[in-house]
Amino acid sequence: MTYPPLPEALRVGVYDNHTHLEIEDGEDGLDWREQLDRASAVGVRGVVQVGTDVVTSRWSAATAATDPRMLAAVAVHPNETPELTSAGGIDDALAEIDRLAGLPRVRAVGETGLDFYRTGEAGRPAQIAAFEAHIAIAKEHGLALQIHDRDAHQEVVDTLQRVGAPDRTVFHCFSGDAALAQLATSHGWYLSFAGTVTFKKAERLQEALAVAPRSRILVETDAPYLAPVPVRGRPNAPYLVPHTLRAMAALLDTDPSMLAAQIASNTEAVYGSWDAEPPVPSAPPRRT
């Protein structure tokens, strides 16, 4: 449970599309500053730090405001929404996510979506309602949407089609097959691949990568989870992105630097520049 050594640095830099640096994992937990320093040393130019509730969303927004290598995404994770709804706290939580979404270094709403792995039938309406509310917040603020989708592929797609997806929609830690990859990218949605794509038995995920247009793929860690081969089972971190990027390049039979350049361009198309202030929507409607 110690952090792995640094991999060989990338020649062309990329971004970690999804990470949780508020979590110091392992026996030698790393401060978020050390995480970013290590990432910079191996060619990871920046990260999207992702909230999963009000507390972590506030931390993500505030911390991103202090470091040019970090942007933030804010949301209430779908697994949190059934209990929060039954306790009567979902409206206040969504109001705070809406407020945070207006801050300069917040560039996405996420991670939101649907997760039916742990939630039974009774909790599904609350998840769907919260997902729709997060979609509305993203559209109101002109932000990207980062989707958490577990055992709910069809329901996620149905929701996006029913209410209308934001212009920049990302399936974080994409877990679907080639058919879902083709469907999602036909709508212009992005697929973000994590360390799971490097796993030996991930044939369906690797097939999805193969059919996805390269203009619609991103790379991420979901750190501290899902460390890639050859460090699977150890704490994950943004500085381990090169392992996943090189594995993706090998699967696609392309040069890692060429793929890194494409993914970096895709990531900036979704979130804008890490250096610039985000575009401000003109008089966005407010949630009531």
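The structure we're discussing is the one just above.
Below, the structure is looked at part by part. Since this is a predicted model, take the numbers as computed values, not measurements. (Residues numbered from 1 in each chain as written. Predicted model: local features only at pLDDT ≥ 70, side-chain atom pairs only at ≥ 80, totals over all residues. Heavy atoms only, no water.)

## Quick look at the layout of surface pockets
Okay, so step 1: In this model, the largest pocket occupies a volume close to 720 Å³.
Okay, so step 2: What lines the largest pocket is a set of 26 residues, and nearest its centre among them are H77, D115, H148, R150 and D222.
Okay, so step 3: Breaking the lining of the largest pocket down by element, the ones donating at least two residues are β4 (106–115) and β5 (144–150).
Okay, so step 4: Here the lining of the largest pocket gets 3 residues from one element, more than from any other, and that element is β5.
Okay, so step 5: Among the residues forming the lining of the largest pocket, the class breakdown is 6 nonpolar, 10 polar and 10 charged. (1 Å grid on protein atoms, 1.4 Å probe; cavity = no way out; pocket = protein on both sides within 12 Å on 5 of 7 lines; lining within 4 Å. Points joined across faces, edges and corners; volume = space filled by probe spheres on them. Helix = DSSP H or I, 4+ residues; strand = E, 2+ residues; numbered from the N terminus. Nonpolar A, V, L, I, M, F, W, Y, C, P; charged D, E, K, R; others polar.)

## Side note on the environment of R216
Okay, so step 1: As for its placement among the helices and strands, R216 is situated in the loop between α8 (203–211) and β8 (217–219).
Okay, so step 2: Note on R216: relative accessible area 24%, which makes it partly exposed.
Okay, so step 3: Sequence separation of R216 and T56 is 160 residues, and the distance between their C-alpha atoms is 28 Å.
Okay, so step 4: Setting aside residues up to four positions removed in sequence, R216 forms contacts with T185, G188, W189, Y190, L191 and N266. (Buried < 20%, exposed > 50% of the residue type's maximum accessible area, 1.4 Å probe, protein only. Contact = heavy atoms within 4.5 Å.)

## Remarks on the nonpolar core
Okay, so step 1: Formed by 68 residues in total, the largest nonpolar core has its most connected members in L160, F171, F174, F193, I217 and M248.
Okay, so step 2: When residues of this core are assigned to their parent elements, the largest contribution, 5 residues, is made by helix α9 (residues 241–252).
Okay, so step 3: Apart from the residues within four sequence positions on either side, F174 is in contact with L180, A181, L191, S192, F193, L205 and A208.
Okay, so step 4: Residues V50, A73, Y190 and A264 belong to the second largest nonpolar core, which totals 14 residues. (Core = buried A, V, L, I, M, F, W, Y, C linked by side-chain atoms within 4.5 Å.)

## A few points about the packing of aromatic side chains
Okay, so step 1: A full pass over the atoms with the stated rule returns 6 aromatic pairs.
Okay, so step 2: Relative to W274, the ring of Y15 has its centre 4.0 Å away and its plane inclined at 20 degrees; by these criteria the two rings are stacked. On the criterion of sequence distance, the pair formed by Y15 in strand β1 (residues 14–19) and W274 in the segment after α10 (256–271) is long-range, its members being 259 residues apart.
Okay, so step 3: On the accessibility criterion, Y15 (4% relative accessible area) is buried.
Okay, so step 4: Taken together, F171, F174, W189 and F193 form an aromatic cluster joined through their ring pairs. (Phe/Tyr/Trp six-rings, centres within 6.5 Å; stacked < 30°, edge-to-face > 60°.)

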